[in-house]
Amino acid sequence: MRHHRVACLAFDGMPVFELATVAEAFAIPRPELDVEWWYRFELCAETPGPHRIVGGFDIVVHHGLDRLRYADTVIVPAVADVRRRASPAVLDALRGAHGRGARVVSVCTGAFVLAAAGLLDGREATTHWRYARPLQERYPHVKVDASVLYVDSGTVVTGAGTAAGIDVCLHLIRNDHGADVAARVARRMVVAAHREGGQAQFAEHPVGRAPSDDPISGAMRYALDNLHRRLPVDELAGVAHLSVRQFERRFADAVGSPPGRWLIRQRVRAGAELLETADCSVEEVAGRVGLTTAGFRHHFRGVMGVSPSTYRRQFR
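Residues numbered from 1 in each chain as written. Predicted model: local features only at pLDDT ≥ 70, side-chain atom pairs only at ≥ 80, totals over all residues. Heavy atoms only, no water.

Student: How would you sum up the packing of aromatic side chains? Please name residues and give values.
Tutor: A full pass over the atoms with the stated rule returns 7 aromatic pairs. Their ring planes at 80 degrees and their centres at 5.4 Å tell us that tryptophan 37 and tyrosine 39 sit as a pair that is edge-to-face. Taking relative accessible area as the criterion, tyrosine 39 reaches 5% and is therefore assigned buried. Centre to centre, the rings of phenylalanine 251 and tryptophan 262 are 5.6 Å apart; their planes meet at 70 degrees, and the pair counts as edge-to-face. Pair noted here: phenylalanine 251 is in helix H9 (residues 244-255) and tryptophan 262 is in helix H10 (residues 259-277), with a separation of 11 residues, a long-range link. An identical accessibility class is assigned to phenylalanine 251 and tryptophan 262; each is buried. Through successive ring pairs, a cluster of aromatic residues spans Phe26, Trp37, Trp38 and Tyr39. (Phe/Tyr/Trp six-rings, centres within 6.5 Å; stacked < 30°, edge-to-face > 60°. Buried < 20%, exposed > 50% of the residue type's maximum accessible area, 1.4 Å probe, protein only. Helix = DSSP H or I, 4+ residues; strand = E, 2+ residues; numbered from the N terminus.)

Student: Before we move on, could you go through a nonpolar patch on the surface and cite the residues and values that matter?
Tutor: Together, Val16, Phe17 and Phe57 make up a nonpolar patch on the protein surface, roughly 250 Å² of accessible area in all. Along the chain, valine 16 turns up in helix H1 (residues 16-26). (Patch = residues over 30% accessible without salt bridge, like charges linked within 9 Å, V, L, I, M, F, W, Y side chains within 5 Å. Areas by Shrake-Rupley, 256 points an atom, 1.4 Å probe, with all protein chains shown as cover. Salt bridge = Lys/Arg side-chain N within 4 Å of Asp/Glu carboxyl O.)

Student: Describe the packing of helix H7 (residues 215-225) against H10, with residues and values.
Tutor: Running from amino to carboxyl end, H7 crosses H10 at an angle of 40 degrees, the nearest separation of the two axes being 10 Å. The angle between H7 and H10 places the two elements in the oblique class. The hand of the H7/H10 crossing is right-handed. Of the residues in H10, those touching H7 at Met220, Ala223 and Leu224 are Trp262, Leu263 and Gln266. Among the residues forming the contact of H7 with H10, the class breakdown is 5 nonpolar, 1 polar and no charged. (Axes fitted to C-alpha atoms, helices over the stretch in contact; angles between N-to-C directions. Parallel < 35°, antiparallel > 145°, perpendicular 65-115°, else oblique. Left-handed = near helix turned anticlockwise from the far one by under 90°. Contact = heavy atoms within 4.5 Å. Nonpolar A, V, L, I, M, F, W, Y, C, P; charged D, E, K, R; others polar.)

Student: Could you give me a rundown of the sheet that holds strand S10 (residues 156-159), with the residues and numbers involved?
Tutor: Ordered in space as S2-S1-S5-S6-S10-S9, the 6 strands form an open sheet in which the pairing is mixed. The open sheet has two edge strands, strand S2 (37-44) and strand S9 (150-152), and neither has a second partner. For this sheet the average axis-to-axis angle between neighbouring strands, irrespective of direction, equals 15 degrees. (Pairing = 2+ DSSP bridges.)

Student: Describe in detail the nonpolar core, supporting the description with residues and values.
Tutor: In this structure, Phe26, Trp38, Ile173 and Val185 are the most contacted members of the largest nonpolar core, which totals 39 residues. Every element with two or more residues in this core is listed here: strand S1 (2-9), H1, S2, strand S4 (57-61), strand S6 (103-107), helix H5 (164-177) and helix H6 (179-189). Among the elements that make up this core, the one with the highest residue count is H5 (7 residues). (Core = buried A, V, L, I, M, F, W, Y, C linked by side-chain atoms within 4.5 Å.)

Student: Describe the layout of surface pockets, listing the residues and the values that go with them.
Tutor: Considering only enclosed or pocket space, the largest pocket measures out at about 480 Å³ in volume. Lining the largest pocket are 23 residues, and of these Phe11, Arg84, Arg85, Ala86 and Ser87 lie nearest its centre. (1 Å grid on protein atoms, 1.4 Å probe; cavity = no way out; pocket = protein on both sides within 12 Å on 5 of 7 lines; lining within 4 Å. Points joined across faces, edges and corners; volume = space filled by probe spheres on them.)

Student: Requested: an account of the environment of glycine 178, with residues and values cited.
Tutor: Within the secondary structure layout, glycine 178 lies in the loop between H5 and H6. Separated by 150 residues in the primary sequence, glycine 178 and isoleucine 28 place their C-alpha atoms 18 Å from one another.

Student: Outline helix H2 (residues 88-99), listing residues and values.
Tutor: Because an α-helix packs 3.6 residues into every turn, residues spaced three or four apart end up facing the same way. In this model, H2 (12 residues) spans 16 Å end to end at C-alpha, consistent with the 16 Å of a helix rising 1.5 Å per residue. Those residues of H2 that are buried are in contact with S1, strand S5 (73-76), S6, helix H3 (111-116) and S10. Positive backbone phi, approximately 110 degrees, marks glycine 101, located one or two places after H2. (Expected span 1.5 Å × (residues − 1).)

Student: Mind laying out unusual backbone geometry, listing which residues take part and the relevant values?
Tutor: At threonine 162, a position not held by glycine, the phi torsion is positive, near 45 degrees. By the secondary structure assignment, threonine 162 is in the loop between S10 and H5. By relative accessible area, threonine 162 is classed as partly exposed at 35%. Positioned with a positive phi, valine 190 is a non-glycine residue whose angle comes to about 60 degrees. Assessed through its relative accessible area of 72%, valine 190 is described here as exposed.

Student: Account for the side chain of threonine 158, naming residues and giving values.
Tutor: Looking at the element boundaries, threonine 158 is found in strand S10. Since its relative accessible area comes to 1%, threonine 158 is described here as buried. A polar atom in the side chain of threonine 158 sits 3.0 Å from the backbone nitrogen of threonine 126. Residues contacting threonine 158, with those up to four places away along its chain left out, are Ser106, Leu114, Leu120, Glu124, Ala125, Thr126, Leu149, Tyr150 and Val151. (Polar contact = N/O pair within 3.5 Å; in protein donor to acceptor, adjacent residues only side chain to side chain.)

Structure below.
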């Protein structure tokens, strides 16, 4: 079996979660997938040897920057301090890898390293929402979007903070092997098979708040309790005691997407649970989540990346 080489950069003081996410996606052999090729993962650093990471313990890196010359994908996880510029050797190695056609990826604040190398100039990119403004101010030629989970601009992919690294990795696997394989890997990782790159990084108003405290949360809870019904926006606005215009604006501010798009995702996710647990047909599932059969199939594939029938076969 041939391999796709993934080189992941390590830095002193780097967070463990982002590194572990990349390793979980690309370092574990998965012969059960029965694909023509898989990934060969190598951890690299400017100086091989022990490197202290968050939590007070060390990792030992065996490979140097020379591995970037042969990598098909180079990943830069979160860096410890965005105020410190990466060394010229690291930046040159990244430019060289990208120049010969490697896919270059950042997770969280790793975008600062790609920007310093000039690889984000003129491109749309994202990073953790907390660091979006510093990234934009320091690198004005980068088009920073703080509202999304990841941005794929072809040979350069940037991801948002922390758990969005999972979405980035699954997105790369989906591009390389298709939605079916990515969904199976997601199942092994016990995470959602597909979160859209344009989905908001965070919601300021979680559903768990009491309706008396937050009218948007109350309307969201009402919608989740009535997914089997048609739910026009004016009905949800009435539950929130807001005009339609006020409701749409406040909903988008809170959740990061319009109410209609959010509602479709909730219908699809409820349908996915039914596909896993219930014996009813796809047509019956569609009706129970308030969609026509054709609409359910269309939106399910758009959100989950696979058809309802394929999802049921995989996760039943």
